[in-house]
Amino acid sequence: LIRFLLLSTQYRRPIEFGDEHIAGVDRGLQAFYRFFERFQRITGKSFYALEAPERLHEFSLAGAPPEWLGEFKTLHSRFMESMDDDFNTSGAVAVLFDLLRTLNGLADRKELEGKGDAAARQAFERGAVLLRELSGILGVFRQPVEKPAAADNELTARLLDVLVDLRRQARAGKDFALADDIRKRLSELGVVLEDRPGDTGWRIER
């Protein structure tokens, strides 16, 4: 969190440091963590295990149909221009968010969590490799965040699965008031439910 906070401000400028700003930075980080989970669901691969270039290079359109990669190439160029502009890390971080939106948009438009098509999946994975590369240059998202102890984590997951299943049964029985109450009370505890085609996922917001 601290590294991302510092990177979000150009090093010559004063750093805004307050509860509201820190909370905003954390929300931004959570968006990336949600994408990494989504990437795993779509591809069956861990984002952190992707092999990405570690040296400066010319962006290549090899590896997926070119029609999907034009925007990726533009984002790669913008990132490098920001880094060359007096180490403008705030501009580079902004590019990471733009790339994140592009990848999520591709997954949504092509319904990659459902059937999807091979070309779109190939481009999606190529874009994720680019995200891995650019974030690595900034020293972020190099390894998974620490999770609670295994036993506690497993118990929490099983309890949440039970609540999600109860909510599913309530919706099937048209008891929408109960279903909404379960979602609301879980949200108050920092648990966000995500209704996806065929199932409902959950995540704990830190």
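Source: prediction; values computed, not measured. (Residues numbered from 1 in each chain as written. Predicted model: local features only at pLDDT ≥ 70, side-chain atom pairs only at ≥ 80, totals over all residues. Heavy atoms only, no water.)

(A) Examining the overall build of the protein more closely. Broken down by element type, the protein carries 7 helices and 2 strands. When the helices and strands of the protein are listed from N to C terminus, the series reads α-α-α-α-α-α-α-β-β. Viewed in the frame of its principal axes, the protein has a C-alpha envelope of about 55 × 45 × 30 Å. A separation threshold of at least 6 residues defines the contact pool for the protein, and within that pool the share at least 24 residues apart is 66%. With an accessible surface of roughly 12,600 Å², the protein has 52% of that area assigned to carbon and sulfur atoms. Taken together, the 31 basic and 34 acidic charged side chains of the protein have centroids lying 2 Å from each other. (Helix = DSSP H or I, 4+ residues; strand = E, 2+ residues; numbered from the N terminus. Contact = heavy atoms within 4.5 Å. Areas by Shrake-Rupley, 256 points an atom, 1.4 Å probe, with all protein chains shown as cover. Lys, Arg positive; Asp, Glu negative; His and termini not counted. Charge placed at Lys NZ, Arg CZ, Asp CG, Glu CD.)

(B) Representation of the packing of aromatic side chains. With the rule as written, the count across this model stands at 16 aromatic pairs. Each ring, one from Phe35 and one from Phe36, has its centre 6.2 Å from the other, and the planes form 70°; the classification is edge-to-face. Here the aromatic rings of Phe36 and Phe47 are separated by 4.1 Å at their centres, their planes lie at 10°, and the arrangement is stacked. Of the two residues, Phe36 sits in helix α2 (residues 19-43) while Phe47 sits in the loop between α2 and α3 (66-84), which places them 11 residues apart along the sequence. The same class applies to Phe36 as to Phe47, namely buried. An aromatic cluster of at least three residues, connected via ring pairs, comprises Phe4, Phe32, Tyr33, Phe35, Phe36, Phe39, Phe47, Tyr48, Phe97, Phe124 and Phe141. (Phe/Tyr/Trp six-rings, centres within 6.5 Å; stacked < 30°, edge-to-face > 60°. Buried < 20%, exposed > 50% of the residue type's maximum accessible area, 1.4 Å probe, protein only.)

(C) The arrangement of the nonpolar core in detail. Among the nonpolar cores identified, the biggest contains 43 residues, and Phe35, Phe36, Phe79, Phe124, Leu131, Leu138 and Phe141 are the most heavily contacted of them. Taken together, the elements giving at least two residues each to this core come down to α1 (2-7), α2, α3, α4 (89-109) and α5 (118-138). In terms of nonpolar packing, the next biggest core, distinct from the first, is built from 6 residues, Leu160, Val164, Ile182 and Leu193 among them. (Core = buried A, V, L, I, M, F, W, Y, C linked by side-chain atoms within 4.5 Å.)

(D) Up close: the pattern of salt bridges. Throughout the structure, instances matching the rule amount to 15 salt bridges. Its salt-bridge partner being Glu113, residue Arg41 comes within 2.9 Å of it at the nearest N-O pair. Here the residue Arg41 occupies a position in helix α2, and Glu113 occupies one in the loop between α4 and α5, the gap between them amounting to 72 residues. Asp165 is paired through a salt bridge with Arg168; the nearest N and O atoms lie 2.7 Å apart. With a gap of 3 residues between them, Asp165 and Arg168 both fall in helix α6 (residues 150-172), about one helical turn apart. (Salt bridge = Lys/Arg side-chain N within 4 Å of Asp/Glu carboxyl O.)

(E) Broad picture of the packing of α2 against α5. In contact at an axis separation of 12 Å, α2 and α5 are set at 140° when each is read in the N-to-C sense. As for how α2 packs across α5, the hand of that crossing is left-handed. The residues of α5 that touch α2, namely those facing Phe32, Phe35, Phe36, Phe39, Ile42 and Thr43, are Arg121, Phe124, Glu125, Ala128 and Leu131. Classifying every residue of the contact of α2 with α5 by side-chain character gives 8 nonpolar, 1 polar and 2 charged. (Axes fitted to C-alpha atoms, helices over the stretch in contact; angles between N-to-C directions. Left-handed = near helix turned anticlockwise from the far one by under 90°. Nonpolar A, V, L, I, M, F, W, Y, C, P; charged D, E, K, R; others polar.)

(F) Expanded view of helix α7 (residues 176-188). Given a rise of 1.5 Å per residue, 13 residues ought to cover 18 Å, and the 18 Å separating the end C-alpha atoms of α7 matches this to within 8%. Taken together, the buried positions of α7 are occupied by Ala179, Ile182 and Leu186. Mapping the buried residues of α7 onto a view down its axis gives an arc of 60°, with all of them on the same face. In α7, the exposed residues that point more than 90 degrees away from the buried face are Ala177, Asp180, Arg185 and Glu188. Looking one or two places after α7, you find Gly190, whose phi comes out positive at around 90°. (Expected span 1.5 Å × (residues − 1). Arc of directions from axis to C-beta.)

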